[in-house]
Amino acid sequence: MLWLAMDAKLLAVEPAGDRLRLRWADGRATERHVVWLRDGCTCDACVDGFSSQRHLNTADIPDDLAVRSAKVEHGDLAIVWDPDGHESRYAPQALAPRELPNGRSNLWGADLRARVPRASFTEVSRDDRALARWLGDLRDLGVTVLGDTPNADGQVERVAELYGYVHEGNDGRHFEVVSSSKPTNFAYTPKTLALHTDRPFVDPVPGVQLLHCLAQSAEGGENMLVDGFNVAEKLRRADAPAFATLARIRATFRNRYDQVDLMARHPVIQLGHDGRVDAVHINDRAMRPVEAEGADVPAFYRAYRTFFALVRDPANQITVKLRPGDVLVFDNRRVLHGRAGYDASTSHRHLQGCYTDWCYVESKLRMLAVEIGDWSNGR
Ligand code: OGA
Ligand code: ZN
Ligand code: ZN
């Protein structure tokens, strides 16, 4: 949520040591450091209006920078700087404090079953508000189903192109999930697939995964889904040493057949610089014995077993049976997916899948926020 809406009103500015204090119409007072303000100047000398590329090099902001004068003018903050007389203007929304996005409020378990966000391909194709809602749900919950998608070869790429670009890999622009006589992946068999994330044997791991259902088996073939951030946080609370072990020791993943020999190492629980879970990497089919020494070896296996018990716990899972026309779109760095087995001798089941990067989802959301004037999604 943005704290400040587009109509936020700036009333006054006053010096406060090496900061400026801003007084807002709703009674709040906030402060901004002067060097931060100088760095944020968007005048034509500092930023190119067309490309938004910066002429200003942050390293060239002088050490003896000071405010010569500051006032509120036509609702904007206007500053003249010492020592060079440079002039800056700031729209109030550029100065508003933002609460950083916190996806942790949206953790889910089996409770999501009855409210998996669904959207319609037809609708999101023609209505930017529906597109923004769909992508906002994808960002916030990590899973959505897009229905009534045309039953056509390669259509999954058209879905990706609603917001971004297909991220092509050795499996092509899109891959066929269908029972094959020479499967290079157990996904291309009718076997049950344990909960996993895709392609941990590459770096970076694909961000968003799309699975378009063209034909579904009569029996079986359901997809199980688990919020990896939720189970990781549960592990952190229940068994802090196991959590720390999976965050510290990298697991090895490999994918080798006649076309490639891909290998990458990722911690099963990948933390960001702030200690929050950034991603989970789980794939029983691609995992190799851990490359660790001494006590780390049994510690890793114990922690992995403990974590997988949470992954397998039905209280943390939902099940979705895709119908032809449905596209399951999910965060491959957050949400684990699995598949119930089916009988390929009596049922034809066919999905097409592809991957995209998160940055384009976020880019689209920012652009849609400007277009439709709804900032609730466009952080
Ligand atoms: C995959 C996969 C799921 C399914 O191809 O990686 O997980 O429903 N497929 O077949
Ligand atoms: Zn400037
Ligand atoms: Zn998969």
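Residues numbered from 1 in each chain as written. Chains lettered and ligands numbered in written order. Predicted model: local features only at pLDDT ≥ 70, side-chain atom pairs only at ≥ 80, totals over all residues. Heavy atoms only, no water.

Counting secondary structure elements, the protein chain contains 9 helices and 21 strands. Considered along the principal axes of its C-alpha atoms, the protein chain spans approximately 80 × 55 × 40 Å. In the protein chain, which comprises 379 residues, the share counted as buried stands at 48%. Within the structure as shown, the protein chain displays about 18600 Å² of accessible surface, and the carbon and sulfur contribution to it stands at 50%. Between the centroid of the 48 positive side chains of the protein chain and the centroid of its 53 negative side chains there is a distance of 5 Å. (Helix = DSSP H or I, 4+ residues; strand = E, 2+ residues; numbered from the N terminus. Buried < 20%, exposed > 50% of the residue type's maximum accessible area, 1.4 Å probe, protein only. Areas by Shrake-Rupley, 256 points an atom, 1.4 Å probe, with all protein chains shown as cover. Lys, Arg positive; Asp, Glu negative; His and termini not counted. Charge placed at Lys NZ, Arg CZ, Asp CG, Glu CD.)

As a further point, take unusual backbone geometry. At the junction of Asp82 and Pro83, the peptide bond is cis and its omega measures out at 5 degrees in the coordinates. By the element assignment, Pro83 lies in the loop between strand 5 (76-82) and strand 6 (87-90). With an omega of 0 degrees, the peptide bond running from Asp203 to Pro204 counts as cis. Take Pro204: it is sitting in the loop between strand 10 (193-196) and strand 11 (208-215). For Ser52, which is not a glycine, the phi torsion comes out positive at approximately 60 degrees.

The textbook angles at a metal center are 109.5 degrees for a tetrahedron of four donors and 90 or 180 degrees for an octahedron of six. Looking at the zinc ion (ligand 2), one finds its protein donor set to be Cys41 (SG), Cys43 (SG), Cys46 (SG) and His86 (NE2), positioned 2.0 to 2.3 Å from the metal centre. Classification of the site at the zinc ion (ligand 2) as tetrahedral follows from its 4 donor atoms and the range of 102 to 117 degrees in their angles at the metal. Expressed as a motif, the donor residue spacing for the zinc ion (ligand 2) is C-x1-C-x2-C-x39-H. Here Cys41, found in the loop between helix 1 (34-39) and strand 4 (66-73), pairs with His86, found in the loop between strand 5 and strand 6; they are 45 residues apart in sequence, far enough to count as distant. The exposure class assigned to Cys41 is buried, which follows from its relative accessible area of 2%. (Donors = N, O, S within 2.8 Å, 3.2 Å for Na, K, Ca; no water. Tetrahedral: all angles 85-135°; square planar, octahedral: opposite > 155°, others 65-115°.)

With that out of the way, let us pick up the domain arrangement of the protein chain. Accessible area lost upon the coming together of the parts is a frequently used measure of interface size. Taken domain by domain, the protein chain comprises domain 1 (10-99) and domain 2 (110-369). Between the C-alpha centres of domain 1 and domain 2 there is a distance of 43 Å. (Domains from an automatic or database assignment.)

The next subject is the sheet that holds strand 6. The 3 strands lie next to each other as 4-5-6, forming an open sheet whose pairing is antiparallel. With partners counted over all chains shown, the strands left at the sheet margins are strand 4 and strand 6, one partner each. Strand-to-strand twist of the sheet, defined as the mean angle between neighbouring strand axes without regard to direction, takes the value 20 degrees. Here strand 5 pairs with strand 6 via 4 bridges, running antiparallel. Pairing of Leu77 across the sheet is with Tyr90, part of strand 6. (Pairing = 2+ DSSP bridges. Axes fitted to C-alpha atoms, helices over the stretch in contact; angles between N-to-C directions.)

This part is about the pattern of salt bridges. Throughout the structure, instances matching the rule amount to 26 salt bridges. Two residues, Arg19 and Asp18, come together in a salt bridge whose shortest N-O distance is 3.7 Å. In this structure, Asp227 engages Arg334 in a salt bridge whose closest nitrogen and oxygen atoms are separated by 2.8 Å. Remark: Arg334 occurs in the loop between strand 19 (327-331) and strand 20 (335-339) and Asp227 occurs in strand 12 (residues 223-227); sequence separation between them is 107 residues. For the pair formed by Asp227 and Arg334, the shared burial category is buried. In this structure, a network of salt bridges that share partners links the residues Glu14, Asp18, Arg19, Arg21, Arg23 and Glu31. (Salt bridge = Lys/Arg side-chain N within 4 Å of Asp/Glu carboxyl O.)

Moving on, we get to the site of ligand 1. Near ligand 1 the following residues occur: Phe175, Val177, Ala187, Leu193, His196, Asp198, Asn223, His337, Arg339, Arg349 and Leu351. Contact distances for ligand 1 include 2.8 Å between an oxygen atom and a side-chain N or O atom of Asn223. A distance of 3.0 Å separates an oxygen atom of ligand 1 from a polar atom in the side chain of His337. Protein chains shield 98% of the accessible area of ligand 1, which is 290 Å² for the free molecule. Contributions of two or more residues to the shell around ligand 1 are made by strand 9 (175-178), strand 10 and strand 20. (Near = heavy atom within 4 Å. Polar contact = N/O pair within 3.5 Å; in protein donor to acceptor, adjacent residues only side chain to side chain.)

The strand order 10-20-12-18 describes an open sheet built from 4 strands, whose pairing is antiparallel. The sheet terminates laterally at strand 10 and strand 18 (317-320), the two strands that pair on one side only. Neighbouring strand axes in the sheet, compared pairwise and without regard to direction, differ in orientation by 20 degrees on average. By the bridge criterion, 5 bridges tie strand 12 to strand 20 in an arrangement that is antiparallel. By the bridge assignment, Met224 is partnered in strand 20 with Gly338.

To continue, consider the packing of aromatic side chains. Using the criterion set out here, one finds 6 aromatic pairs in the structure. With centroids separated by 4.9 Å and ring planes inclined at 70 degrees, the aromatic side chains of Tyr165 and Tyr360 adopt a geometry described as edge-to-face. Of this pair, Tyr165 sits in the loop between helix 5 (155-160) and strand 9 while Tyr360 sits in helix 9 (residues 358-372), and the two are 195 residues apart along the sequence. On the basis of relative accessibility, which here comes to 54%, the residue Tyr165 falls in the exposed class. (Phe/Tyr/Trp six-rings, centres within 6.5 Å; stacked < 30°, edge-to-face > 60°.)

Counting residues in each nonpolar core, the largest one holds 33 residues, and the members touching the most others are Leu235, Leu246, Val268, Ile269, Phe300, Tyr304 and Phe307. Among the elements of the structure, strand 12, helix 6 (228-238), helix 7 (240-248), strand 13 (250-256), strand 16 (277-280) and helix 8 (296-312) are those that each provide at least two residues to this core. At 7 residues, the largest contribution of residues to this core is made by helix 8. Here Val268 is in contact with Leu246, Ile249, Ala251, Ala279, Val280, His281, Ile282, Phe300, Tyr304 and Phe307, once residues within four sequence places are set aside. By size, the runner-up hydrophobic cluster in this structure holds 26 residues, among which are Leu131, Val159, Leu162 and Trp358. (Core = buried A, V, L, I, M, F, W, Y, C linked by side-chain atoms within 4.5 Å. Contact = heavy atoms within 4.5 Å.)

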